[in-house]
Amino acid sequence: MASPDPEAVAEEVFAALADPNRRQILSALAAGGPATATDLAGRLPITRQGIAKHLALLSEAGLVVAEPGERRRVRYRVDSAPMKVAQQFLAAMARDWDGPLAALQQHLGNQRKPAGPG
């Protein structure tokens with residue numbers, strides 16, 4: 001089985017993290033450990049239905065994993081692997097830009113002429 005395309009993974013991660021509610025949910029899970037949608041709704045200013053909707057999107061992006069709990073309750077935990085792929089994607093993009101940006105900066109610096117008598 002081929003590994004997922006890093007750009008596609010990064011796109012899903014960026015789309016999921018674009019929403020501040022989803023970032024809040026991820027932060028709560030990272031700080032407090034696995035939790036149910038009901039647990040999260042008790043800690044965050046988001047309805048349980050809203051939490052469930054956001055958890056589904058975070059799960060699709062691979063950022064959270066659903067684990068069965070007692071009494072048919074599902075607990076969610078953070079999976080940082082997709083974020084690491086997105087970080088690597090950004091780092092590669094930055095490397096691709098560093099050379100051209102440095103060359104442009106040098107070029108622009110060489111274009112400045114010293115002020116002379118006018």
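Note: the structure precedes this text.
Parameters at a glance
Residues numbered from 1 in each chain as written. Predicted model: local features only at pLDDT ≥ 70, side-chain atom pairs only at ≥ 80, totals over all residues. Heavy atoms only, no water. Helix = DSSP H or I, 4+ residues; strand = E, 2+ residues; numbered from the N terminus. Buried < 20%, exposed > 50% of the residue type's maximum accessible area, 1.4 Å probe, protein only. Contact = heavy atoms within 4.5 Å. Areas by Shrake-Rupley, 256 points an atom, 1.4 Å probe, with all protein chains shown as cover. Expected span 1.5 Å × (residues − 1). Arc of directions from axis to C-beta. Polar contact = N/O pair within 3.5 Å; in protein donor to acceptor, adjacent residues only side chain to side chain. Salt bridge = Lys/Arg side-chain N within 4 Å of Asp/Glu carboxyl O. Core = buried A, V, L, I, M, F, W, Y, C linked by side-chain atoms within 4.5 Å.

Novice: Which residues make up the overall build of the protein, and what values go with them?
Specialist: When helices and strands are tallied, the protein shows 5 helices and 2 strands. Taken across its 118 residues, the protein has 23% of its residues classed as buried. Nonlocal contacts in the protein, meaning residues at least 24 apart in sequence, comprise 50% of its contacts between residues at least 6 apart. Approximately 8200 Å² of the protein is accessible, and the part contributed by carbon and sulfur atoms is 56%.

Novice: Summarise helix 2 (residues 20-32); cite the residues concerned and give the values.
Specialist: With 13 residues, helix 2 extends 18 Å from end C-alpha to end C-alpha; this agrees with the ideal 18 Å at 1.5 Å per step. For helix 2, the full list of buried residues reads Arg22, Ile25, Leu26, Ala28 and Leu29. Angular distribution of buried residues about the axis of helix 2 spans 160°; they occupy a single face of the element. Set apart from the buried face of helix 2 by more than 90 degrees, the exposed residues are Ala30 and Ala31. Each element contacted by the buried residues of helix 2 is listed here: helix 1 (6-17), helix 3 (37-43), helix 4 (48-60), strand 1 (64-68) and strand 2 (74-78). One side-chain oxygen of the residue at the start of helix 2 lies 2.7 Å from the amide nitrogen of Asn21, identifying that residue as Asp19. A positive backbone phi angle near 85° is found at Gly33, which sits one or two residues after helix 2.

Novice: So what's going on with the pattern of salt bridges? Which residues, and what values?
Specialist: Taken as a whole, this structure holds 3 salt bridges when the rule is applied. When the shortest N-O distance is used, the salt bridge between Asp39 and Arg73 registers 3.6 Å. Note that Asp39 is positioned in helix 3 and Arg73 in the loop between strand 1 and strand 2, a separation of 34 residues in sequence. Owing to a relative accessible area of 29%, Asp39 belongs among the partly exposed residues under this scheme. Here Arg75 ties to Asp39 by a salt bridge, and the two come within 4.0 Å at their closest N and O atoms. With Arg75 in strand 2 and Asp39 in helix 3, this pair connects stretches of sequence that are 36 residues apart. Within the structure, one salt-bridge network assembled from shared partners comprises Asp39, Arg73 and Arg75.

Novice: How would you explain the environment of Asn21 if you had to name every residue and give the values?
Specialist: Among the secondary structure elements, Asn21 is positioned in helix 2. Sequence spacing of Asn21 and His54 is 33 residues, and the spatial spacing of their C-alpha atoms is 7.6 Å. When near neighbours in sequence (up to four residues on either side) are disregarded, Asn21 contacts Ile46 and His54.

Novice: Can you explain the nonpolar core? Please cite residues and give values.
Specialist: In summary, soluble globular proteins display a tendency toward joint burial of nonpolar side chains. Counting residues in each nonpolar core, the largest one holds 21 residues, and the members touching the most others are Ile25, Leu29, Leu40, Ile51 and Leu55. Mapped by element, the contributors of at least two residues to this core are helix 1, helix 2, helix 3 and helix 4. Non-local contacts of Leu55, meaning those with residues more than four positions away in its chain, are made with Ile25, Leu29, Ala37, Leu40, Val64 and Tyr76.

Any functional reading would require information that these geometric values do not contain.
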